[in-house]
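What follows is each chain in one-letter form.
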Amino acid sequence: MTHKTSSLISDESKADIDRWLQKYPADKKQSAVMAALRIVQDQNGGWLTPALIEAVAAYLDMEPIAVYEVASFYSMYEHKPVGKHHIKVCTNISCLLRGSDAVMAHLEKQLGIKKGQVTEDGLFSIKEVECLGACVNAPMMQIGRDYHEDLSPEKIDEILARLK
Amino acid sequence: MARIEIDGKTYEVEAGKTLIEITDAHGIEIPRFCYHKKLSVAASCRMCLVDVANAPKPLPACATPVWDGMKIQTRSPRAINAQKAVMEFLLINHPLDCPICDQGGECELQDVAVAYGKDRTRFIEEKRIVIDKNIGALISTAFTRCIHCTRCVRFGEEIAGVKELGATQRGDHMRIDTYMTDTVNSELSGNVIDLCPVGALTAKPSRFAARPWELHTAHGIAPHDAFGSHLEFHIRRNQVMRVVPRENVALNEVWLSDRDRFSYQGLYAQDRLTAPMIKKDGQWQTVDWESALLFAAEGLKKIPAKQLGGLASATATVEELYLLQKLLRGLGSNNIDHRLQQVDFSEKTTKAPFLNQRPADLAQADVVLLVCANLRKQQPLLNHRLRQAVLHNHAEVIRINVYDYPQNFPVSHNLTVAPHQLVATLAGIAKALDEAQPAFKNIEISEQQRAIAACLQKNNKKIKVLLGEAADNLPQLASIRTLTALIAKLTFATFSETGRYANSAGAILAGALPQQTLAGQAISGETGLNAQQMLSQSLQAYVLLGFEPELDSIMGATALQTLQNAPFVVAINGFCTEAMQGYANVLLPMALFAETSGTYVNNSGDWQRFTAAVAPVGSARPAWKILRVLANLLDVHDFAYTASDEILNEVKMLCETSAQTVEDSTWVLSAPQALCYLTEPAIYAGDALVRRATALQATADAQACHGAHVNQRTADKLRLSAGQQVKLSQNGGSAILPLVIDAALADDCVLVYTGLAESAGLAHDVGTIDLTAA
C-alpha cells in the first residue's frame, strides 16, 4: 500500500474529525468514517478525490478500499466536481406526480446544463436524487443545506437569481 | 444441550451453535454461498433458508442458533419454495455461459442451481455487466459472474489480515473491487480462488488450461516453508495442472500460501533437466543413465575421501539427505552440509528446529516474543495462527528483528535494530529478567528492554518465545540463539524455532551435517567441513543435491567460483543452468516435488510422507534411486533399498531410539560495523522450484525484493538517492543494483536479497560491504 498520508486534511477539518472520534472507543476509529468523509468533502468544495479518500483512510487507520466502500455506497458523497450551488432535484414518486419533470426541465433550460453537469462558471450543478422526505410540499429540491419546496418555474427563477 | 428435530429425525446437539454447523456435522445437506465455516456469518445470500416450525418466515440456517425443541424441515414445500426463489434471484444477473467459464464443472452455483433451482428462467430483461479489472498475477477476474457472497472480502479482513478487496457501490451497481488500480498482494491471496463459489475469481496461471472432469487428484506436502501444509495436486495426463489445499485441522486448516499454491509452475520450466549429461573433453553430451552413473562413479573413485564434499538443499527429502550422507560417510568423508544460508558455524551441536508445540497452541498464546522472524511472508500459515492469538486471545506480541517486516496484527513492542545491536538487546532483556547472572555484568538495560522483560514475566500466562528463520543469515546466530533460549528459560516460556525450508528439521535428523550423523549423534573421528568451508576452498570433488550455488548459497559468487575450480562435480538436479554446465562434470536429472516419494519433517515435528503424484519429466529419476545406484557402483555397503519406505524406516528407527545431547553454547557481544550487510532469500526465490514459478515472480511481494535497500538516513549519509544505480562490492563479488529507500531497515544497514540473478554476483559476505554510486 502506498497511500499513507493524511496531510491533505486541513487542521480545521482534523479538529472537526477529532470531535467525532471522541464519540467512539479509541480502537474503533472507523466509526467516524462517514463524518470524516463529509468533513473533507466540504473542505474540498463539495466533492471527494481519491487522494482525500486515502487521507481519510490514513487518518482513521483504515484500508483505502474500506473507506471507498462507504464513499461509493452513499449518494451524498460526490466523486466528480460539483457547482458552488449543488442542486438536488427529487424525482421520486410524490414529486414526480407533482411535476418534478417540469422542475428538472426548467432548471436545465435556465442553467444550460443537463443533470449531472456543472455550469461553465462553476456556480451550479444539478443532480437527480431519491426522496428527501418533503413529500408534503412536493415538488422540491435541495441546494446546499436548504430545502426549497412547492416549486414553480417562477419560484425557481427567483431562487436562481438570488444565488447568482 | 438441546434436542432438535431435523427432517423428522431427533438430534442431541450443543445449544448455541448455528443450525448449519449442526447439519454440516451430521451430513445433512443445506445449500449455501456466503456461509463458510472459517469466515464470519454474513447471511446475505439467503440460499440456506430452512423451514423452522412456528417461525413466521423461512430462516437462514447459517445465522440461526439452535434451541431446545426446535423443529426444522430442509425439504418442506416452504423450504423448497424459498430455495427456488432465492436461486431464481441469484441467476437473474448471473450469465448462463458455463461452457466458457473456467469454473464450469466445479462451480457451487452450477451444482446448487441444478439441485435446488427451477428448470427455466422467467427473466427476459438485460443482465448486468461488470467491467473486469486486473487485480494481479495470480487471480483472474470475471466480475459479471459475481453473486456478491462477499467471502473474498471477509477473507481479506479476517484471515489475510489486510483488506484489499471490498464491495463498492450499492444495489444493482454493487461490485467486488480493489481500491482504484491496486492489486491483491496478500501472501494468502490465492485462497479467494477456492472460496469464490462461482467463476468470478479463478486461478490465473491455470486459467482455461483444463476442465475439472479431466483432472484426477493426488495428495502432497507443501515443499517450501517449514510449516508443511497439506495439498492436493490436480493432474491431467501426467502433468500437474494446479495445486489446491487439502484440509488439515492441525496444520493448514483449509488454507494454502500462494508460494505453495503456485510454485508447481517451476516443474515445467524451460530449463528442466530431462536426461543425464556428461562433460567429455569439454563437450556436453546426453547419455543413458548407465553411462552417466558409471562416469560419475569413476570420477569419484579417484578422489581421496577427505577431498570429497556433499552439499544439499534442505528442500530435499529425508530419504535423499540420509542417503547422501550415508554415501559420503561410506566413502570416508564427513564433508556434508545443507546449511547453505548460514554464516555462523560456531555451535558445536545442531538441533532440529521445532516449535515444540502444535500450531493450534500458538493460537492460544498470551504473550509472544518473536526474534528474527518474518512469519507473515516466510511461514504465512503459522503467522495466521499467531494472528488468531492476537485477535481472539488479545495476545501481546513483542517483535525484535533486523528488518521491520510489515505485520497484519498489532504489535505491542516493535524493535528494529542493526545485527550487532541485536545481541546487546537480547542480553539486556535477559539481564532484566535475571540481574544476578555474572555474564551480564557489563550489560546495560534500556527502559524498553525492561518493559519487554516485564511483559514476559507474567504468571499463569501462556508465554511463547519464537526464534525465526532470519537468524540463520546473521553472523551472530549462536549468540542470538543462546540468548533467546535463555530468555525462554527465564520466563518459563515455550521455546520454538521455525526453520526456513520444508525439510530444515528433516535434514538435521537425517544427519546431513559435518559434525553429526543420524538423529543428532556426534560422529566418531574428525569433524567434516561445513558448507562455508566447502564453498570457500575448492575440494577435488563435490556431489550436489538440488543445489544452485550462486542462488541457494549465502556465499553467492564465491560458492560458484569454488565449484568452478573443483576438478570433478556431480550435480543431481532438476534443472540445468548455464552455471551448472560451467562447473559440473555430470548432470543427473532428479525428480522434483510431486514426482518423487519421500518424507519432510515440519516444524511441528510431523514426519509427513508423500508419494509421487506424477511420473518425472523426461528420464529424470527420484534422487534416492540415483544415490542408491551411485553407492552400489562405488561399492558402499548397505545400499540395497528397493523402496523409499525402507530408507525411512531405517532413519525413523534410529531417530526414535536415540536422544541428542546438546552442548551449551555461549554468547558474545559483537562489534559495530560502519555499514552492515544484511541478506536473506527473496520471498519467491528461496529454492530452485519457486524461482521458476513465473506468476509468483510478477507479484508485488516478489518485485519488492529487487534492488539494494537502505533507509533514508543511510542513503543521505552515503549521498545516494532512490532509484540511483549503486555498486555493491565485497571481497570476491560485486553487483550493480538500483537503490531502494526502505524505512523498514535500521540505520547503517543495507539489505540485498539472495536467490535473484541480479544479486548472484555478490559474495554475500556479511563482514564487509562497500556501497557507492555506480
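What counts, and where the lines are drawn
Residues numbered from 1 in each chain as written. Chains lettered and ligands numbered in written order. Predicted model: local features only at pLDDT ≥ 70, side-chain atom pairs only at ≥ 80, totals over all residues. Heavy atoms only, no water. Helix = DSSP H or I, 4+ residues; strand = E, 2+ residues; numbered from the N terminus. Buried < 20%, exposed > 50% of the residue type's maximum accessible area, 1.4 Å probe, protein only. Contact = heavy atoms within 4.5 Å. Areas by Shrake-Rupley, 256 points an atom, 1.4 Å probe, with all protein chains shown as cover. Lys, Arg positive; Asp, Glu negative; His and termini not counted. Charge placed at Lys NZ, Arg CZ, Asp CG, Glu CD. Phe/Tyr/Trp six-rings, centres within 6.5 Å; stacked < 30°, edge-to-face > 60°. Salt bridge = Lys/Arg side-chain N within 4 Å of Asp/Glu carboxyl O. Axes fitted to C-alpha atoms, helices over the stretch in contact; angles between N-to-C directions. Parallel < 35°, antiparallel > 145°, perpendicular 65-115°, else oblique. Nonpolar A, V, L, I, M, F, W, Y, C, P; charged D, E, K, R; others polar. Buried area = accessible area lost by both parts, 1.4 Å probe. Polar contact = N/O pair within 3.5 Å; in protein donor to acceptor, adjacent residues only side chain to side chain. 1 Å grid on protein atoms, 1.4 Å probe; cavity = no way out; pocket = protein on both sides within 12 Å on 5 of 7 lines; lining within 4 Å. Points joined across faces, edges and corners; volume = space filled by probe spheres on them. Patch = residues over 30% accessible without salt bridge, like charges linked within 9 Å, V, L, I, M, F, W, Y side chains within 5 Å. Pairing = 2+ DSSP bridges. pLDDT = per-residue confidence, 0-100. Left-handed = near helix turned anticlockwise from the far one by under 90°.

K.L.:
Tell me what's going on with the overall build of chain A, and back it up with residues and numbers.
P.N.:
A tally of helices and strands in chain A yields seven helices and four strands. Reading chain A from its N end, one meets helices and strands in the order α-α-α-α-β-α-α-β-β-β-α. For chain A, the C-alpha atoms occupy an extent of roughly 50 × 35 × 25 Å along the three principal directions. Counting only residues that meet the buried cut, chain A has 46% of its 164 residues in that class. Put simply, 60% of the contacts in chain A that link residues at least 6 apart link residues at least 24 apart. Entry remark: accessible area of chain A is about 8,900 Å², with carbon and sulfur atoms responsible for 52%. Once the 19 positive and 23 negative side-chain charges of chain A are each reduced to a mean point, those two points are 1 Å apart.

K.L.:
Hey, could you go over helix H2 (residues 33-43) of chain A for me, with residue numbers and the actual values?
P.N.:
Residue and element names in this part refer to chain A. Looking only at H2, the buried set comprises Val-33, Ala-35, Ala-36, Leu-37, Ile-39, Val-40 and Gln-41. As for H2, its buried residues are in contact with helix H1 (11-21), helix H3 (50-59) and helix H4 (64-73). Phi turns positive, to about 75 degrees, at Gly-45, one or two residues after H2.

K.L.:
Could you give an account of the packing of aromatic side chains, naming the residues involved and the relevant values?
P.N.:
Residue and element names in this part refer to chain A. Enumeration according to the criterion identifies ten aromatic pairs over all chains in this entry. Measuring from centroid to centroid gives 4.9 Å for Phe-73 and Tyr-74, while their planes differ by 70 degrees, and the two rings are edge-to-face. Looking at Phe-73, the relative accessible area reads 35%, which means it is partly exposed. The exposure class of Tyr-74 is partly exposed, given its relative accessible area of 34%.

K.L.:
Break down the pattern of salt bridges for me, with residues and values.
P.N.:
All names here are of chain B. Under the defined criterion, the tally for this structure stands at 47 salt bridges over all chains. Here Arg-3 ties to Glu-12 by a salt bridge, and the two come within 3.0 Å at their closest N and O atoms. Owing to a relative accessible area of 48%, Arg-3 belongs among the partly exposed residues under this scheme. By relative accessible area, Glu-12 is classed as partly exposed at 45%. Among the charged side chains, a network of salt bridges with common partners joins Asp-271, Glu-548, Asp-552, Arg-691 and Arg-692.

K.L.:
Tell me about the packing of helix H4 (residues 151-160) of chain B against helix H11 (residues 380-393) of chain B, and please be specific about residues and values.
P.N.:
Residue and element names in this part refer to chain B. Contact geometry for H4 and H11: axes closest at 10 Å, N-to-C directions at 80 degrees. Looking at the two axes, H4 sits roughly perpendicular to H11. Here Glu-157, Glu-158 and Ile-159 of H4 come into contact with H11, specifically with His-384, Arg-387 and Gln-388. Class assignment for the residues of the contact of H4 with H11 results in one nonpolar, two polar and three charged.

K.L.:
Which residues make up the interface of chain A and chain B, and what values do they have?
P.N.:
Interfaces are often described in size by the accessible area the parts lose on coming together. With 14 residues of chain A at the contact, the number on the chain B side is 15 residues. Area buried by chain A at its contact with chain B is led by A:Ile65, A:Tyr68 and A:Glu69, which between them contribute 42% of it. Here chain A is connected to chain B by one salt bridge. The residue A:Glu69 makes a salt bridge to B:Lys163 at a minimum N-O spacing of 2.6 Å. For the pair chain A and chain B, the interface holds six residue pairs in polar contact (both at pLDDT 80 or more). Looking at the side of chain A that touches chain B, the elements with two or more residues in it are H3 and H4 of chain A. If one sorts the elements of the side of chain A that touches chain B by residue count, H4(A) sits on top with seven residues. Residue classes in the side of chain A that touches chain B are distributed as eight nonpolar, three polar and three charged.

K.L.:
Give a detailed account of empty space enclosed by the protein, specifying residues and quantitative values.
P.N.:
Residues and elements named next belong to chain B. The full count for this structure, using the stated rule, is nine cavities of 30 Å³ or more. Its volume calculated, the largest cavity comes out at about 370 Å³. Lining of the largest cavity is provided by 27 residues; of these, His-338, Arg-339, Gln-342, Asp-472 and Ser-504 occupy positions nearest its centre. Contributions of two or more residues to the lining of the largest cavity are made by helix H14 (477-490) and helix H15 (504-509). Its residues assigned to classes, the lining of the largest cavity shows eight nonpolar, ten polar and nine charged. The calculated volume of the second largest cavity comes to roughly 270 Å³. Along the walls of the second largest cavity sit 23 residues, with Thr-315, Ala-316, Met-590, Leu-592 and Phe-593 positioned nearest its centre. Its residues assigned to classes, the lining of the second largest cavity shows twelve nonpolar, eight polar and three charged.

K.L.:
Residues and numbers for a nonpolar patch on the surface, please.
P.N.:
Taken together, the side chains of A:Met34, A:Phe73 and A:Tyr74 make up a nonpolar region of the molecular surface, amounting to roughly 260 Å² of accessible area. The residue A:Met34 is located in helix H2 in this model.

K.L.:
Provide a residue-level description of the environment of B:Asp97, including the pertinent values.
P.N.:
Residue and element names in this part refer to chain B. Within the secondary structure, Asp-97 sits in the loop between helix H2 (77-92) and helix H3 (108-116). Along the sequence, Asp-97 and Arg-145 sit 48 residues apart, while their C-alpha atoms lie 9.5 Å from each other. Within the local environment of Asp-97, its side chain forms a polar contact with the side chain of Arg-145, the two groups lying 2.5 Å apart.

K.L.:
Which residues make up the pairing of strand S27 (residues 676-681) of chain B, and what values go with them?
P.N.:
Residues and elements named next belong to chain B. The element S27 is largely enclosed, with a buried count of six among its six residues. Residues of S27 alternate between two faces, with Cys-676, Leu-678 and Glu-680 on one and Tyr-677, Thr-679 and Pro-681 on the opposite face, all of them buried. Two strands pair when backbone bridges link them, and S27 and strand S31 (residues 749-754) are joined in this way by six bridges, in the parallel orientation. Paired with Thr-679 across the bridge in S31 is Val-752.

K.L.:
Describe the confidence of the model for chain A, and please don't skip the residues or the numbers.
P.N.:
Detailed reading of predicted coordinates is not advised where the pLDDT is low. Taken over all residues, the pLDDT of chain A has a mean of 94, while the share at 70 or more is 98%. Of all helices and strands in chain A, the one with the weakest mean pLDDT is helix H7 (residues 153-163) of chain A (95), whereas H2(A) scores best (97).

K.L.:
Tell me what's going on with the sheet that holds strand S19 (residues 413-416) of chain B, and back it up with residues and numbers.
P.N.:
All names here are of chain B. Taken together, five strands build an open sheet; the order of strands is S19-S18-S17-S20-S21 and the sheet is parallel. Across the chains shown, the open sheet's two edge strands, defined by having one partner strand only, are S19 and strand S21 (494-497). Looking at each pair of strands side by side, their axes are set apart by 15 degrees on average, direction ignored. Here strand S17 (residues 367-371) runs beside strand S18 (residues 396-401); their pairing, made up of five bridges, is parallel. From the neighbouring strand, Leu-369 faces S18, where its bridge partner is Ile-398.

K.L.:
I'd love a proper account of the sheet that holds strand S1 (residues 2-6) of chain B, names of residues and values included.
P.N.:
Residue and element names in this part refer to chain B. The five strands are arranged S2-S1-S5-S3-S4 in an open sheet whose pairing can be described as mixed. Two strands in the sheet have a free side with no partner beyond their single neighbour: strand S2 (9-13) and strand S4 (59-60). Note: S1 against strand S5 (residues 71-73), two bridges, orientation parallel. Of the residues in S5, the one forming a bridge with Ile-6 is Ile-72.

K.L.:
Lay out unusual backbone geometry with the relevant residues and their values.
P.N.:
What you tend to see is this: most non-glycine residues have negative phi, and most peptide bonds are trans. The omega torsion across A:Ala138 and A:Pro139 is -5 degrees, close enough to zero to call that bond cis. With respect to the helices and strands, A:Pro139 occurs in the loop between strand S2 (124-129) and strand S3 (141-143).

K.L.:
Explain the environment of B:Thr482 to me, using residue names and the numbers behind them.
P.N.:
Residues and elements named next belong to chain B. Mapping Thr-482 onto the fold places it in helix H14. Of the residues examined, Thr-482 reaches a relative accessible area of 15% and is grouped as buried. With 186 residues separating them along the chain, Thr-482 and Val-668 place their C-alpha atoms 9.9 Å apart. Beyond its immediate stretch of four places on either side in the chain, Thr-482 contacts Ser-665, Thr-666 and Trp-667.

K.L.:
Tell me what's going on with the packing of H1(A) against H2(A), and back it up with residues and numbers.
P.N.:
The description of two helices packed together rests on the angle between their axes and the distance between the axes. Residues and elements named next belong to chain A. Packing of H1 against H2 brings their axes to within 9 Å, and their N-to-C directions diverge by 160 degrees. The angle between H1 and H2 places the two elements in the roughly antiparallel class. Our pair here, H1 against H2, has a crossing hand that is right-handed. Facing Ser-13, Asp-16, Ile-17 and Trp-20 of H1, the residues of H2 in contact are Ala-35, Ala-36, Arg-38, Ile-39, Val-40 and Gln-43. Among the residues forming the contact of H1 with H2, the class breakdown is six nonpolar, two polar and two charged.

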